[in-house]
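Here are the chains, one letter per residue:
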Amino acid sequence: MSRKFLPDLICLALFAVAGLVIWERGRPLAEVDADVPLVMPGNGEVDHRFDFPAAWDTARIPTATRFDPPLGTEHLGLVYNAQKFWEMNEARGGHHTGDDLNGIGGMNTDLGDPVFATADGLVIYAGEPSQGWGKIVVIAHKVADGRTLHSMYAHLYRIDVSLGALVSRGEKVGIVGTANGYYPAHLHFEMRNGEGVDIGAGYATNPLSHLDPMGTVASMRNAAVDDLSGSPLARVLTK
Ligand SMILES: [Zn+2]
């Protein structure tokens, strides 16, 4: 082939490629992906409702025999529930999907407090799905009756565990945050009955897989309440 035609050929090839790209982009998605199941992740975005742990990860989810509160002391001392599960929030147009746990000092006094894994489990999500959610950790637990439950810890300032890690009850998963300044510091804590990781919304009209978080922890607490020790001053005075 004569070298004279080479630049023309290269130009022709480039036009052909550009034309193909434009044509492909202009085609409706349904035509391009006709044999791909509907509502699968597209355009490089991940839809976590379809983000199921792999079979070998599912096998790694430990059976949890005891659940503790995720904030404050292991007997839920030093904490109050500012917005309980399924309370109606007119401003948000739905029911609250979790419990909002706060340090008893209120407002931002609990900013940076440790957040604990409620039970032994496998970290199946660790990331920031949106500015309003802030950083989130989701842990999967198998329970005695065969169900898989998920605990979710939201609005974190920092995440201290990684995806795929096995965590023990009471292990620090992160610290309390404000979801990028959207709210006064608190822990939005959820419990769900489920398999796939669906972050969803903080307010909903249908509970779907959502469980009463602190009610679930209490029902699977499986630990006796400790006697409270006397105050330090009382001990000094009685010596
Ligand atoms: Zn909340």
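Here the structure is a predicted model, which is why all the values come from computation and not from measurement. (Residues numbered from 1 in each chain as written. Predicted model: local features only at pLDDT ≥ 70, side-chain atom pairs only at ≥ 80, totals over all residues. Heavy atoms only, no water.)

1. A short note on the overall build of the chain
Along its length, the chain carries 5 helices and 14 strands. Here the chain holds 239 residues, and the buried ones make up 33% of them. Of all intrachain contacts in the chain linking residues separated by at least 6 positions in sequence, the fraction that spans at least 24 positions is 65%. Approximately 14100 Å² of the chain is accessible, and the part contributed by carbon and sulfur atoms is 60%. (Helix = DSSP H or I, 4+ residues; strand = E, 2+ residues; numbered from the N terminus. Buried < 20%, exposed > 50% of the residue type's maximum accessible area, 1.4 Å probe, protein only. Contact = heavy atoms within 4.5 Å. Areas by Shrake-Rupley, 256 points an atom, 1.4 Å probe, with all protein chains shown as cover.)

2. Points about unusual backbone geometry
Phi angles above zero are rare outside glycine, and W86 is one such case at about 70 degrees. Its identity as a non-glycine residue notwithstanding, H155 has a phi of 70 degrees, on the positive side. Note on placement: H155 falls in strand β8 (residues 148-156).

3. Points about the coordination of the zinc ion
Surrounding the zinc ion are the protein donor atoms H96 (NE2), D100 (OD) and H188 (ND1), at 2.0 to 2.1 Å. Sequence spacing of the donors to the zinc ion: H-x3-D-x87-H. (Donors = N, O, S within 2.8 Å, 3.2 Å for Na, K, Ca; no water.)

4. Re the pattern of salt bridges
Counted by the stated rule, this structure contains 10 salt bridges. Linking E74 and R66 is a salt bridge whose minimum nitrogen-to-oxygen distance equals 3.8 Å. Among the residues examined, E74 registers a relative accessible area of 38% and is labelled partly exposed. Judged by relative accessible area, which is 21%, R66 ranks as partly exposed. Here R169 and D68 are joined by a salt bridge, their closest N and O atoms 2.9 Å apart. With a gap of 101 residues between them, R169 in the loop between β10 (166-167) and β11 (172-175) and D68 in the loop between α3 (55-60) and β1 (79-83) connect regions that are remote in the sequence. Each member of the salt-bridge network shares a partner with another, and the members are R66, D68, E74, R169 and R221. (Salt bridge = Lys/Arg side-chain N within 4 Å of Asp/Glu carboxyl O.)

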